[in-house]
Amino acid sequence: MSDRLFIFDTTLRDGEQVPGCQLNTVEKIQVAKQLEALGVDVIEAGFPISSPGDFNSVIEISKAVTWPTICALTRAVEKDIDCAAEALAFAKHKRIHTGIGTSDSHIRYKFNSTREEIIERAVAAVKYAKRYVEDVEFYAEDAGRTDNEYLARVVEAVIKAGATVVNIPDTTGYCLPHEYGEKIRYLIEHVDGVDRAVLSTHCHNDLGMATACTLSGVLGGARQVEVTVNGIGERAGNTSMEEIAMILKCHHDLAIETNINTQKIAATSRMVSSLMNMPVQPNKAIVGRNAFAHSSGIHQDGVLKNTETYEIINPKDVGIDENSIILTARSGHAALKHRLEVLGIDVTDDEALDDIYERFLKLADRKKEVTDDDILVLAGAERSNAHNIKLDYLQVTSGQGVKPVAAVTLNIAGELFNAAATGNGPVDAAINAVKQIIRRKMTLKEFTIQAINRGSDDVGKVHMQVEHDGALYFGFGANTDIIAASVEAYIDCINKFRK
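Residues numbered from 1 in each chain as written. Predicted model: local features only at pLDDT ≥ 70, side-chain atom pairs only at ≥ 80, totals over all residues. Heavy atoms only, no water.

1. Observations concerning the overall build of the chain
Thinking step 1. On a plain count of helices and strands, the chain comes out with 16 helices and 16 strands.
Thinking step 2. Among the 499 residues that make up the chain, the fraction classed as buried is 52%.
Thinking step 3. Sequence-distant contacts, at least 24 apart, represent 65% of the contacts inside the chain between residues at least 6 apart. (Helix = DSSP H or I, 4+ residues; strand = E, 2+ residues; numbered from the N terminus. Buried < 20%, exposed > 50% of the residue type's maximum accessible area, 1.4 Å probe, protein only. Contact = heavy atoms within 4.5 Å.)

Following this line, the structure appears as structure tokens:
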């Protein structure tokens, strides 16, 4: 008989804390519904006390999602817990996730406290949360650097106080896999009443060991894993949901099962990447575009003879179907709507579908075929419609021996402004022209270009980071014209400047 492992997805909380990856409420609901279809058990919907936006998102996700548990994060503070309980009012299955730092570093420098006081605060927070919900999860922040004996005392105390799940985070990604697994085993062996709660992993990837540590924790006895789609998260990210799901699917001998519908992994990955403007590295395990590519002659020969020679995963098991419907300029509304639904985007408004279809046809005229990633970019394009500043016209002249010159027209609140400028290259010239119209001191800090698929006719995605008035702003643009995509990304940054 297989053990059941619960999947706790924190893409919308820990993942969304990545600079430049913030989603609005509508986008969060799209992701939450896709996570529900994927089969995750718990969705950490946000940190309600942190902002009105987070508070509202938890409310709306609670209304939109049916069977997964909706979780809200708090500190070990009564005001936080009150706010989380209010935000979870409409959730069918609700959980409050509260906790406090337990490492000596956190106790001394963050809280200026003592070990005994921290235990008292932890117990008080769990008991207070228990007034609102039956399902209370406690996190021992920086548990990875907390000595096991003291950590066991904390875990035992919060379980006695009513915690149903206890999270053991490797907050800094410091633990070696065997150390983390031993930590979980130590708690199972030394905590009185540990059988009354589920131990959970929450590993960060600062040293590239998040998945390994998480798996080691599961083998040590943890039965919940806290993960994100594509492994996104603060700093180097979190444990990748898709990696844990496929490791357990491939290793039947472990006899540990999840509820994940793995055939929805690829679509979920693309949706999160597109909505959060967060590229997936080509060699990313499971969901990278090269994950099932073979360039070595020896590998190609082996795969042609038998795919199992070099592929331990059938691409169809993660939702990559080589025979899927190809969208072209001859595809109709029905085919486009079907593909949107497959990708987790429900467009019920005929006017909105017409708008996406119109943009789809323009793109299809420029490309041989339109990919799922293209569709997600098109579906998310309406985010720029509300911008105060829009690109109306762009013309660039450049070439070998020619000084690049760009002419730009911006639509600012319905009024058109024109400028022309030169630069070191076509992108530089176009941005200089924008700067002549938007007369603010701006510094381009980061400029990344990514082709969605392959080919010279492909849509290019541009990610930018601009510094203005001491703050960083992140922008995104997508276009078959990489210069236009760059200008759109730059303007996207400008639209986010604080008024």
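Anyway, onward from the coordinates.
2. Focus on the sheet that holds strand β2 (residues 6-9)
Thinking step 1. Ordered by their spatial adjacency, 8 strands build a closed barrel running β2-β3-β4-β5-β6-β7-β8-β9, and the pairing between neighbours is parallel. Averaged over all pairs of adjacent strands, the angle between strand axes in this sheet comes to 25°, irrespective of strand direction.
Thinking step 2. Looking at chain direction, strand β8 (residues 198-203) and strand β9 (residues 224-227) are connected through 3 bridges and run parallel. Its bridge partner being in β9, His202 is matched across the sheet by Glu226.
Thinking step 3. Set on the sheet, helix α6 (residues 148-161) makes contact with β6 (136-141), β7 (165-170) and β8; between it and β7 the angle comes to about 155°.
Thinking step 4. Across the sheet, helix α8 (residues 210-220) lies against β7, β8 and β9, angled at about 170° from β8, the strand it touches most. (Pairing = 2+ DSSP bridges. Axes fitted to C-alpha atoms, helices over the stretch in contact; angles between N-to-C directions.)

3. Description of the packing of aromatic side chains
One pair of aromatic rings is described through two measures. These are the centre distance and the angle between the planes.
Thinking step 1. One pass over the full model with this rule turns up 4 aromatic pairs.
Thinking step 2. Arranged with centres 6.5 Å apart and planes meeting at 20°, the rings of Phe138 and Tyr139 form a pair that is stacked. An identical accessibility class is assigned to Phe138 and Tyr139; each is buried.
Thinking step 3. Seen in terms of ring centroids, Tyr357 and Phe360 are 5.7 Å apart; in terms of plane orientation they differ by 35°. Their pairing is tilted. Taken together, the positions of Tyr357 and Phe360, both in helix α13 (residues 350-366) and 3 residues apart, correspond to about one turn of that helix.
Thinking step 4. The residue whose ring lies beneath Lys63 is Phe90, and the NZ or CZ to ring-centre distance is 4.7 Å.
Thinking step 5. Taking the ring centre of Tyr150 as reference, the NZ or CZ of Arg115 above it sits at 4.5 Å. (Phe/Tyr/Trp six-rings, centres within 6.5 Å; stacked < 30°, edge-to-face > 60°. Lys NZ or Arg CZ within 6 Å of the ring centre and 35° of its normal.)

4. Quick word on a negative patch on the surface
Thinking step 1. A cluster of like negative charges, contributed by Asp349, Asp350, Glu351, Asp354 and Glu358, occupies part of the molecular surface.
Thinking step 2. Relative to the helices and strands, Glu351 is located in helix α13. (Patch = residues over 30% accessible without salt bridge, like charges linked within 9 Å, V, L, I, M, F, W, Y side chains within 5 Å. Areas by Shrake-Rupley, 256 points an atom, 1.4 Å probe, with all protein chains shown as cover. Salt bridge = Lys/Arg side-chain N within 4 Å of Asp/Glu carboxyl O. Lys, Arg positive; Asp, Glu negative; His and termini not counted. Charge placed at Lys NZ, Arg CZ, Asp CG, Glu CD.)

5. Regarding helix α1 (residues 25-38)
Thinking step 1. The terminal C-alpha atoms of α1 lie 20 Å apart, and with 14 residues this matches the ideal 20 Å at 1.5 Å per residue to within 8%.
Thinking step 2. With 10 of its 14 residues buried, α1 lies for the most part within the structure.
Thinking step 3. Listed as buried for α1 are Glu27, Lys28, Ile29, Gln30, Val31, Ala32, Gln34, Leu35, Glu36 and Leu38.
Thinking step 4. Summarising the contacts, the buried residues of α1 are in contact with β2, β3 (42-46), α2 (52-64), α9 (241-250) and α10 (265-275).
Thinking step 5. One or two residues past the end of α1 sits Gly39, with phi positive at roughly 105°. (Expected span 1.5 Å × (residues − 1).)

6. Points about the environment of Thr66
Thinking step 1. Within the secondary structure, Thr66 is located in the loop between α2 and β4 (69-73).
Thinking step 2. The partly exposed category is assigned to Thr66, whose relative accessible area is 49%.
Thinking step 3. For the pair Thr66 and Glu36, spaced 30 residues apart in the sequence, the C-alpha separation amounts to 8.0 Å.
Thinking step 4. Those residues in contact with Thr66, other than ones at most four positions away along the chain, are Glu36, Lys92 and His93.

7. A word on the pairing of strand β12 (residues 402-412)
Thinking step 1. Looking at chain direction, strand β11 (residues 389-399) and β12 are connected through 9 bridges and run antiparallel. Residue pairing in the sheet places Tyr393 in a bridge with Thr409 of β12.
Thinking step 2. Counting the residues that bridge the hairpin from β11 to β12 gives 2 residues, and of these Gly401 lies at a positive phi of roughly 80°.
Thinking step 3. The sheet contact formed by β12 and strand β13 (residues 415-422) spans 8 bridges and is antiparallel. Residue pairing across strands places Leu410 opposite Phe417, the latter belonging to β13.
Thinking step 4. As consecutive antiparallel partners, β12 and β13 are separated by 2 residues, and within that stretch Ala413 has a phi angle of approximately 55°, a positive value.

8. What to know about the side chain of His204
Thinking step 1. By the secondary structure assignment, His204 is in the loop between β8 and α8.
Thinking step 2. By relative accessible area, His204 is classed as buried at 5%.
Thinking step 3. Only 3.3 Å separates the side chain of His204 from the side chain of His202, close enough to count as a polar contact.
Thinking step 4. Each residue touching His204, except ones within four places of it in the same chain, is listed here: Asp14, Asp170, Thr171, Gly173, Ala210, Glu234, Arg235, Gly237 and Asn238. (Polar contact = N/O pair within 3.5 Å; in protein donor to acceptor, adjacent residues only side chain to side chain.)

9. Structural notes on the nonpolar core
Soluble globular proteins: nonpolar side chains tend toward being buried together.
Thinking step 1. Judged by nonpolar contacts, the single largest core of 109 residues is most densely connected at Phe138 and Val166.
Thinking step 2. The greatest single-element share of this core, amounting to 9 residues, is contributed by α6.
Thinking step 3. With sequence-adjacent residues up to four places away left out, Val166 is seen in contact with Phe138, Val155, Val158, Ile159, Ala197, Val198, Leu199 and Ser200.
Thinking step 4. Core analysis: the second largest hydrophobic core is formed by 29 residues, Val427, Met442, Ile483 and Ala489 among them. (Core = buried A, V, L, I, M, F, W, Y, C linked by side-chain atoms within 4.5 Å.)

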